[in-house]
Amino acid sequence: MDTNRFIARHVIDLPKSGIRDFFEVVSKMQDVISLGIGEPDFDTPWHIREAAIYALEKGKTHYTSNLGLIELRRAINRYVEKNFGISYRPEDEILVTVGVSEALDIAFRALVNPGDKVMFHQPCYVSYHPSITLTHGMAVPVPTYAKDNFALTAGALRAAWQPGCKLLMLNLPCNPTGGTCDRKQIEAIAKFAVEKDLLVLSDEIYSELTFEGGHVSIAGLPGMKERTVFLHGFSKAFAMTGWRIGYACGPATLVEAMMKVHQYSMMCASIISQEGAIEALVRGEDAMKAMREQYQRRRDFIVRRFNEIGLKCHLPRGSFYAFPDVSKTGLNEKDFALGLLQAEKVAMVPGTAFGENGAGFCRACFATGYDQLIEAADRIERHVQKLAAKR
Amino acid sequence: MDFCETDALMNPLIKLLLEGGGLSTAQMAQVLNLTEAEVNRQLDQFKKDRLLLGWRPVLNLAEEDAGVVRAVIEVKITPERGGGFNRLAERISRFDEVESCYLMSGGYDLLVFVNGSSLQKVAGFVSEKLSTIEGVLSTATHFLLRTYKEQGFLLDVKAAENDRLKVAP
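Residues numbered from 1 in each chain as written. Chains lettered and ligands numbered in written order. Predicted model: local features only at pLDDT ≥ 70, side-chain atom pairs only at ≥ 80, totals over all residues.

### Points about the overall build of chain B
Here is step 1 of the chain: Looking only at helices and strands, chain B has 7 helices and 6 strands in total.
Here is step 2 of the chain: Starting at the N terminus, the α and β elements of chain B follow one another as α-α-α-α-α-β-α-β-β-α-β-β-β.
Here is step 3 of the chain: Counting only residues that meet the buried cut, chain B has 14% of its 169 residues in that class.
Here is step 4 of the chain: Restricting to contacts in chain B with at least 6 residues of sequence separation, those with at least 24 account for 54%. (Helix = DSSP H or I, 4+ residues; strand = E, 2+ residues; numbered from the N terminus. Buried ≥ 20, exposed ≤ 12 C-beta atoms within 10 Å, placed from the backbone. Contact = placed C-beta atoms within 7 Å.)

### Describing the overall build of chain A
Here is step 1 of the chain: Each helix and strand counted, chain A has 13 helices and 12 strands in total.
Here is step 2 of the chain: For 391 residues, the compact-globule estimate of 2.2 N^0.38 gives 21 Å, and chain A sits close to it at 21 Å.
Here is step 3 of the chain: Each of the three principal axes of chain A carries a C-alpha extent, and together these read 65 × 60 × 50 Å. (Rg over C-alpha atoms; globule rule 2.2 N^0.38 Å.)

### Considering helix α11 (residues 285-309) of chain A
Here is step 1 of the chain: Between its terminal C-alpha atoms α11(A) stretches 36 Å, which fits the 36 Å expected from 25 residues at 1.5 Å a residue.
Here is step 2 of the chain: Looking only at α11(A), the buried set comprises A:Met291, A:Gln294, A:Tyr295, A:Arg298, A:Arg299, A:Phe301, A:Ile302, A:Val303, A:Arg305, A:Phe306 and A:Ile309.
Here is step 3 of the chain: Of the surrounding elements, those touching the buried residues of α11(A) are β9 (321-322), β12 (362-365) and α13 (370-390) of chain A together with α2 (12-19) and α3 (25-32) of chain B.
Here is step 4 of the chain: Backbone geometry just after α11(A) places A:Gly310 at a positive phi near 100°. (Expected span 1.5 Å × (residues − 1).)

### Topic: the domain arrangement of chain A
Residues and elements named next belong to chain A.
Here is step 1 of the chain: For chain A, the assigned domains are domain 1 (3-44 + 286-390) and domain 2 (58-284).
Here is step 2 of the chain: A straight line from the C-alpha centre of domain 1 to that of domain 2 covers 25 Å.
Here is step 3 of the chain: With 34 residues of domain 1 at the interface, the matching set in domain 2 holds 37 residues.
Here is step 4 of the chain: If you list the elements that add at least two residues to the side of domain 1 that touches domain 2, you get α11 and β9.
Here is step 5 of the chain: The element that contributes the greatest number of residues to the side of domain 1 that touches domain 2 is α11, accounting for 7 residues.
Here is step 6 of the chain: Looking at the side of domain 1 that touches domain 2 residue by residue, the classes come out as 15 nonpolar, 12 polar and 7 charged. (Domains from an automatic or database assignment. Nonpolar A, V, L, I, M, F, W, Y, C, P; charged D, E, K, R; others polar.)

### Considerations on the sheet that holds strand β2 (residues 94-97) of chain A
All names here are of chain A.
Here is step 1 of the chain: Here we have 7 strands laid out as an open sheet, ordered β2-β8-β7-β6-β5-β3-β4, and mixed in their pairing. Because the sheet does not close on itself, it has two edges, and the strands there are β2 and β4 (138-143). Neighbour-to-neighbour, the strand axes of the sheet open up by a mean angle of 20°, direction not taken into account.
Here is step 2 of the chain: Relative to β2, helix α4 (residues 70-84) is tilted by about 110°, and along the sheet it contacts β2 and β8 (246-249). (Pairing = 2+ DSSP bridges. Axes fitted to C-alpha atoms, helices over the stretch in contact; angles between N-to-C directions.)

### So, the nonpolar core
Here is step 1 of the chain: Judged by nonpolar contacts, the single largest core of 132 residues is most densely connected at A:Ala107 and A:Ala248.
Here is step 2 of the chain: When near neighbours in sequence (up to four residues on either side) are disregarded, A:Ala107 contacts A:Leu201, A:Val229, A:Ala248 and A:Met258.
Here is step 3 of the chain: Counting residues in each nonpolar core, the second largest holds 13 residues, with B:Ile73, B:Ile77, B:Ile92 and B:Val112 among its members. (Core = buried A, V, L, I, M, F, W, Y, C linked by C-beta atoms within 7 Å.)

### Considerations on the sheet that holds strand β4 (residues 136-143) of chain B
Residues and elements named next belong to chain B.
Here is step 1 of the chain: Judged by pairing direction, the sheet is antiparallel, and its 4 strands sit side by side in the order β2-β3-β1-β4 without closing on themselves. The open sheet terminates on both sides in strands that have one partner only, identified here as β2 (98-103) and β4. With strand direction ignored, the average angle separating the axes of adjacent strands in the sheet is 20°.
Here is step 2 of the chain: Pairing analysis gives 7 bridges linking strand β1 (residues 69-77) to strand β3 (residues 110-116), with the strands arranged antiparallel. Residue pairing in the sheet places Val72 in a bridge with Phe113 of β3.
Here is step 3 of the chain: Of the strands in this sheet, β1, β2 and β3 are in contact with helix α6 (residues 86-93), which crosses β2 at around 165°.
Here is step 4 of the chain: Across the face of the sheet, helix α7 (residues 119-130) comes into contact with β1, β3 and β4 while running at roughly 15° to β1.

### Notes on the interface of chain A and chain B
Here is step 1 of the chain: Tallying the contact residues gives 23 residues for chain A and 13 residues for chain B.
Here is step 2 of the chain: Ranked by residue count, the leading element in the side of chain A that touches chain B is helix α2 (residues 18-27) of chain A, at 5 residues.

### A word on the packing of α13(A) against α3(B)
What describes two packed helices is the angle between their axes and the distance between those same axes.
Here is step 1 of the chain: Interhelical geometry of α13(A) versus α3(B) gives an angle of 75° and a closest axis separation of 10 Å. Classified by the angle their axes make, α13(A) and α3(B) are roughly perpendicular. Facing α13(A), whose interface residues are A:Tyr370, A:Asp371 and A:Ile374, α3(B) presents B:Gln27, B:Gln30 and B:Val31. (Parallel < 35°, antiparallel > 145°, perpendicular 65-115°, else oblique.)

Rendered as structure tokens:
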């Protein structure tokens, strides 16, 4: 029986993730040095894991409030106020979610009518475009460029804007480019959002991993809190990817709308993860800073090596991704990544997995040990030299 | 090159060493964008400045293979005018049997970590050497039965199997 005919059209039409294609190839190979993993190489700090074990021992095995544990929402408010300068009421302006991924999904489902246009900068995290499509919205990608260190500019936004745009999705610092914006650039984006009456969804999951210049949240700018849904989580800063825990903060009406979708689909985030998250916010700062410092040293090393090798790479100001330009090799990003994998067993993700504006680039995650990074760089160098000799 | 404590901890090479990755000097040179000669020069300078005192391996030996008995001794001593506890503490520290020696707050003065090839030898050190020093008022010796964590390394916990995905978004 052809079961395809039962599948909804907009799901059938959804392209398969470029990352998944690449994963299929890599997963069949042995002894690969992978720079393709979008998560910290550190395990979650022990004190956080221990707090979750303790919570289980104490019988914390039940549903929580749909919004999440009030202790966690209070801790989120204190953390966001201290680190981002924005205060949200724990009672009705904060919603605990199953990672930022769920927060994003319910935000789109709560806010997008069929045909509404959603602007987002690209290259970007793999799920933004499909999430918009799944809610019958129309995706309006805005390119970012290597010449701007992949910062989003108000000029690019203005050029891409079209009537019917309702939402602006931001991810700064950005996966996969590591690009981010300084205060002046954020202010220009905010001004544009006000001018075009856009609601901003700001995924700031990499904000703690900003190495230079400090992170500026658009929600903290004058007049922006009321038109921004601030999305954040624990995966990257606290090395808690598998816990699937995040949160959304924003005006009470919007949080309430998202909560409606959340309560009927997810009910609540796992109580164990919520207990771990409280511990991370209250006592996790030192471990987080130690991890950030290590990422920064690794970044300096790998970016320098890419440039030495001749793969031009901007210095990513945030995240744990380098995004080198591989076009000088004469190959497109897919052929380069596949060739590198087959010849030298090093995995980097082709930039087009993150949208067509990633053409010519590959993403290299440097959240891995120095010995692996050093070896990977040497192998990439050998491969690039071989390619040059062939031409 | 003189180091105050903060300067030393800000040094990129020291930071890399403290990460404990066990990198070779060649690897450290690569990471820090220095020549290997420069890394060696800096390490020599750290030693000259007595910032870096030396290297010791942290071994994970079964108790019966280790051939070493370790004890921790609480020592009460008489402080001296002008020098406090320093002269006696240094004198005790110089014995080969003494691994570490710390001045403590609380009910005793020195905490001394001692090792020897047998229980008798450690006991002999305490009764014949340590407790007979003039100024040592009393000792309380506790023998170590089992080690769970040493210098930041867990001993009996095997590294978790690496089950991370090879590619993830």
